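# Tertiary structure, described
Listed here are the chains, written in short residue letters.
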Amino acid sequence: MAERADLTVGVDIGGSKIAAAVVDADGLVRARADRTTPARTTAPVVVEETIADAVAELCAGHAVVAVGIGAAGFVDASGTRVMFAPHLSWRDEPLGERLQHRLGLPVVVDNDANAALWAEHRFGAARGADDVVLITLGTGIGGSILVAGHRYRGHGGMAGEFGHTRVVPDGRPCECGRTGCWEQYCSGKALARFAREAGRDLAGPEITAAARAGDIVGQGAFAEIGRWLGVGLANIVAGLDPELIVVGGGVSAAGDLLLAPARRALAETLVAAEHREVPALRIAALGADAGMIGAADLARAGC
Ligand SMILES: [Zn+2]
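Everything numeric in this text was worked out from a predicted model, so none of it was measured.

### Overview of the coordination of the zinc ion
Surrounding the zinc ion are the protein donor atoms His164 (ND1), Cys174 (SG), Cys176 (SG) and Cys181 (SG), at 2.0 to 2.3 Å. Seen from the zinc ion, its four donor atoms lie at angles of 104 to 117 degrees, and the figure they make is tetrahedral. The motif formed by the donor residues of the zinc ion, counted along the single chain, is H-x9-C-x1-C-x4-C. Highlighted residues: His164 in the loop between strand S11 (150-151) and helix H4 (188-197) and Cys176 in the loop between S11 and H4, separated in sequence by 12 residues. Exposure remark for His164: the relative accessible area of 31% places this residue in the partly exposed category.

Now the structure itself:
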């Protein structure tokens, strides 16, 4: 059992929900407090107040020593400023400093994918592995890189944004304004599109359920995005040579329906696959709590 002094709060700031929890040194959630994410048009200070309010509720009942924030968006390399958050009004926002001042506790900030990979590395599917890539398949694609046991955040803090790497020249148009981006072929949105093109208009979780029950269209849609997952991963593996790839996000609930075609495509596409160790593919273990648990652990480590 962790000491009281080991308790930290992790906060995951998503597009619809701000999820906060007291987490102990074993990565176990002791208490939770959720808030609705203020609308994109709301002033940054309102978001800050919402976070502070959830943290204060948790601190009232627990001896919390630090706070970690995982935010969907770009966080600068020093881990203090949010440069851009797609769901919020934050533009170059000194979030870490402001919350630290308001809460009177040390605060660390990272993006949600980095926090999730850290949680999987410490407590989940990537325990014992030091060279890991995390791919999260939700509406789009998120990514994070662990090198020799350290988060690789890049020069500007923006490493791991694999979703908009191009896999098809002159391919499908993407919301980013370019064409052929990976997430147009491998994401929750792509899954629904592949099913729709085959005559089945369903949302992601329904496609997963149908595919599990033996539905040919659902299985075909997973075969398609699984193949594209493997093709895109071959590029990442060629560049980074990790020992393990962890796949998270809502789409990963399909398990081997997704990973089996991805493993095949990775082995077929990866350069010199027959002369090297092809990295293992594993489903993330901590689900929707990963970002929160990882942020709390980063706060404990003070980084
Ligand atoms: Zn794009």
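### A short note on the pairing of strand S8 (residues 107-111)
Counting buried positions over the five residues of S8 gives five, a clear majority of the element. Burial of S8 is two-sided: the residues Val107, Val109 and Asn111 facing one way and the residues Val108 and Asp110 facing the other way are all buried. When strand S4 (residues 67-71) meets S8, the two strands line up parallel, connected through five bridges. Counted as the bridge partner of Ala71 is Asn111 from S8.

### What to know about the layout of surface pockets
Each pocket or cavity is described by its volume, and for the largest pocket that value is around 1,500 Å³. Lining the largest pocket are 47 residues, and of these Ala72, His87, Asp112, Thr136 and Gly138 lie nearest its centre. Broken down by secondary-structure element, the contributors of at least two residues to the lining of the largest pocket are strand S1 (8-13), strand S2 (17-23), strand S3 (29-36), helix H3 (112-123), strand S9 (132-137), strand S10 (141-147) and helix H8 (290-301). For the lining of the largest pocket, the leading source of residues is H3, giving four residues.

### Re the nonpolar core
Counting 42 residues, the largest nonpolar core has Ile135, Leu137, Trp182, Phe222, Leu229, Leu233 and Leu258 as the members making the most contacts within it. Among the secondary structure elements, those contributing two or more residues to this core are S9, S10, H4, helix H5 (204-212), helix H6 (216-240), strand S12 (244-248) and helix H7 (256-269). A total of 11 residues in this core trace back to one element, the largest contributor, which is H6. What Leu229 contacts, discounting residues up to four positions off in sequence, is Ile135, Leu137, Trp182, Cys186, Val247, Leu258, Leu259 and Ala262. Grouped together as the second largest cluster of nonpolar side chains are 28 residues, Val9, Ile51, Val67 and Val75 included.

### Details of the packing of helix H1 (residues 44-61) against helix H2 (residues 95-103)
One way to put it is that H1 packs onto H2 with a least axis distance of 11 Å and a crossing angle of 45 degrees. In terms of axis orientation, H1 runs oblique to H2. Taken as a pair, H1 and H2 cross one another with a handedness that is right-handed. Judged by residue contacts, Val45, Glu48, Glu49, Ile51, Ala52 and Val55 of H1 engage Leu95, Arg98, Leu99, Arg102 and Leu103 from H2. Considered class by class, the residues forming the contact of H1 with H2 number seven nonpolar, no polar and four charged.

### Details of the sheet that holds S4
Ordered by their spatial adjacency, five strands build an open sheet running S3-S2-S1-S4-S8, and the pairing between neighbours is mixed. Edge strands, defined here as strands with exactly one partner in the open sheet, are S3 and S8. Along the sheet, successive strands turn relative to each other by an average axial angle of 15 degrees, direction set aside. Sheet strands touched by H1: S1, S2, S3 and S4. Its angle to S3, the strand with the most contacts, is close to 150 degrees.

Calculation criteria
- Residues numbered from 1 in each chain as written.
- Predicted model: local features only at pLDDT ≥ 70, side-chain atom pairs only at ≥ 80, totals over all residues.
- Heavy atoms only, no water.
- Donors = N, O, S within 2.8 Å, 3.2 Å for Na, K, Ca; no water.
- Tetrahedral: all angles 85-135°; square planar, octahedral: opposite > 155°, others 65-115°.
- Helix = DSSP H or I, 4+ residues; strand = E, 2+ residues; numbered from the N terminus.
- Buried < 20%, exposed > 50% of the residue type's maximum accessible area, 1.4 Å probe, protein only.
- Pairing = 2+ DSSP bridges.
- 1 Å grid on protein atoms, 1.4 Å probe; cavity = no way out; pocket = protein on both sides within 12 Å on 5 of 7 lines; lining within 4 Å.
- Points joined across faces, edges and corners; volume = space filled by probe spheres on them.
- Core = buried A, V, L, I, M, F, W, Y, C linked by side-chain atoms within 4.5 Å.
- Contact = heavy atoms within 4.5 Å.
- Axes fitted to C-alpha atoms, helices over the stretch in contact; angles between N-to-C directions.
- Parallel < 35°, antiparallel > 145°, perpendicular 65-115°, else oblique.
- Left-handed = near helix turned anticlockwise from the far one by under 90°.
- Nonpolar A, V, L, I, M, F, W, Y, C, P; charged D, E, K, R; others polar.

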